[in-house]
Amino acid sequence: MPKYVAFLRAINVGGHIVKMAHLRQLFEALGFSNVETFIASGNVIFDTNSKNTKTLERKIESLLRETFSYEVATYIRSSSELASIAECQPFGASEAANGNALYIAFAADEVNTESKRKLLKFRTEVDDFRVYGREIYWLSRKKISESKFSGTQLERALGMPVTIRNANTVKRLAAKYS
């Protein structure tokens, strides 16, 4: 049975507090098996026979909207996709070794050429970006709190919502579930 990771947007941020046990119960109610959560930031791992991730995303989003009364965008990746995302070194080993922070933004669809162009206008000595399909890699050469760039600006440049995770979290997820 295929294993998936759902990256949920707006869970345990901005006053939207959700207990992980409750989130697991909701996913189980959808008929998913082996449901687990990984840290309290909206990462849900589950098995299902379904292979249509767009249908799964809509199904999850619908239940979460009904349950929480707000939109929870959902970005699903298979365990094999997650392994590839975690292995990607878009900035090379030297950048990662210098104590810089690497973040990965998950989008629902591939980023188009115009959106990439808009995003790359925000490159600075502090912030740099690489786009591979539905993932955006954001290198911050300072703490993200010290960057002048933000997740909101990222979404505006791309013209679509995303959810962002620290690359270390993604690597830990991949090591555990891929």
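Residues numbered from 1 in each chain as written. Predicted model: local features only at pLDDT ≥ 70, side-chain atom pairs only at ≥ 80, totals over all residues. Heavy atoms only, no water.

**Describing the packing of aromatic side chains**
- All chains considered together, the criterion is met by twelve aromatic pairs.
- Summarising the aromatic geometry, the rings of Tyr103 and Trp138 are spaced 5.9 Å apart at their centres and angled 50 degrees between planes, so their arrangement reads as tilted. Here Trp138 lies in strand 7 (residues 135–140) and Tyr103 lies in strand 5 (residues 101–107), a separation of 35 residues in the sequence.
- The class for Tyr103 is buried, based on a relative accessible area of 13%.
- With a centroid separation of 5.1 Å and an interplanar angle of 90 degrees, the aromatic rings of Trp138 and Phe149 are classed as edge-to-face. Here Phe149 lies in the loop between strand 7 and helix 6 (151–158) and Trp138 lies in strand 7, a separation of eleven residues in the sequence.
- With relative accessibility at 5%, the residue Phe149 sits in the buried group. (Phe/Tyr/Trp six-rings, centres within 6.5 Å; stacked < 30°, edge-to-face > 60°. Helix = DSSP H or I, 4+ residues; strand = E, 2+ residues; numbered from the N terminus. Buried < 20%, exposed > 50% of the residue type's maximum accessible area, 1.4 Å probe, protein only.)

**Details of the sheet that holds strand 6 (residues 127–132)**
- Pairing is antiparallel across the open sheet formed by four strands, whose spatial order is 6-7-5-8. Each of the sheet's edge strands pairs with one partner strand only, and the pair in question is strand 6 and strand 8 (162–166). Between one strand axis and the next, the sheet turns through 25 degrees on average, direction left out of account.
- Direction of pairing for strand 5 relative to strand 8: antiparallel, over a ladder of five bridges. For Phe106, the partnering residue across the bridge sits in strand 8 and is Thr163.
- Strand contacts of helix 6: strand 5, strand 7 and strand 8, with the helix running at about 135 degrees to strand 8, the strand carrying the most contacts.
- The strands that helix 7 (residues 167–177) touches are strand 5 and strand 8; relative to strand 8, the one it contacts most, it runs at about 80 degrees. (Pairing = 2+ DSSP bridges. Axes fitted to C-alpha atoms, helices over the stretch in contact; angles between N-to-C directions. Contact = heavy atoms within 4.5 Å.)

**Thoughts on helix 2 (residues 53–68)**
- For helix 2, with 16 residues, the first-to-last C-alpha span of 22 Å sits near the 22 Å given by 1.5 Å per residue.
- Along helix 2, the positions that sit buried rather than exposed are Thr53, Leu56, Glu57, Ile60, Leu63, Leu64 and Phe68. Along the long axis of helix 2, the arc covered by the buried residues comes to 140 degrees, so they all point the same way. Exposed side of helix 2, more than 90 degrees from the buried face: Arg58 and Glu66 are the residues found there.
- Where helix 2 is buried, its residues meet strand 1 (3–8), helix 1 (20–29), strand 3 (43–47) and strand 4 (74–78).
- Where helix 2 begins, one side-chain oxygen reaches toward the backbone nitrogen of Lys54, 3.1 Å away; that side chain belongs to Asn52.
- Residue Ser69 follows helix 2 closely and has a positive phi angle near 65 degrees. (Expected span 1.5 Å × (residues − 1). Arc of directions from axis to C-beta. Polar contact = N/O pair within 3.5 Å; in protein donor to acceptor, adjacent residues only side chain to side chain.)

**Quick notes on the packing of helix 1 against helix 2**
- Where helix 1 contacts helix 2, the axes come no closer than 11 Å and their chain directions differ by 130 degrees. The pairing of helix 1 with helix 2 is recorded here as oblique in orientation. For the pair helix 1 and helix 2, the crossing hand works out as right-handed. Facing helix 1, whose interface residues are His22, Leu23, Leu26 and Phe27, helix 2 presents Ile60, Leu63, Leu64, Thr67 and Phe68.
- Among the residues making up the contact of helix 1 with helix 2, the classes are represented as seven nonpolar, two polar and no charged. (Parallel < 35°, antiparallel > 145°, perpendicular 65-115°, else oblique. Left-handed = near helix turned anticlockwise from the far one by under 90°. Nonpolar A, V, L, I, M, F, W, Y, C, P; charged D, E, K, R; others polar.)

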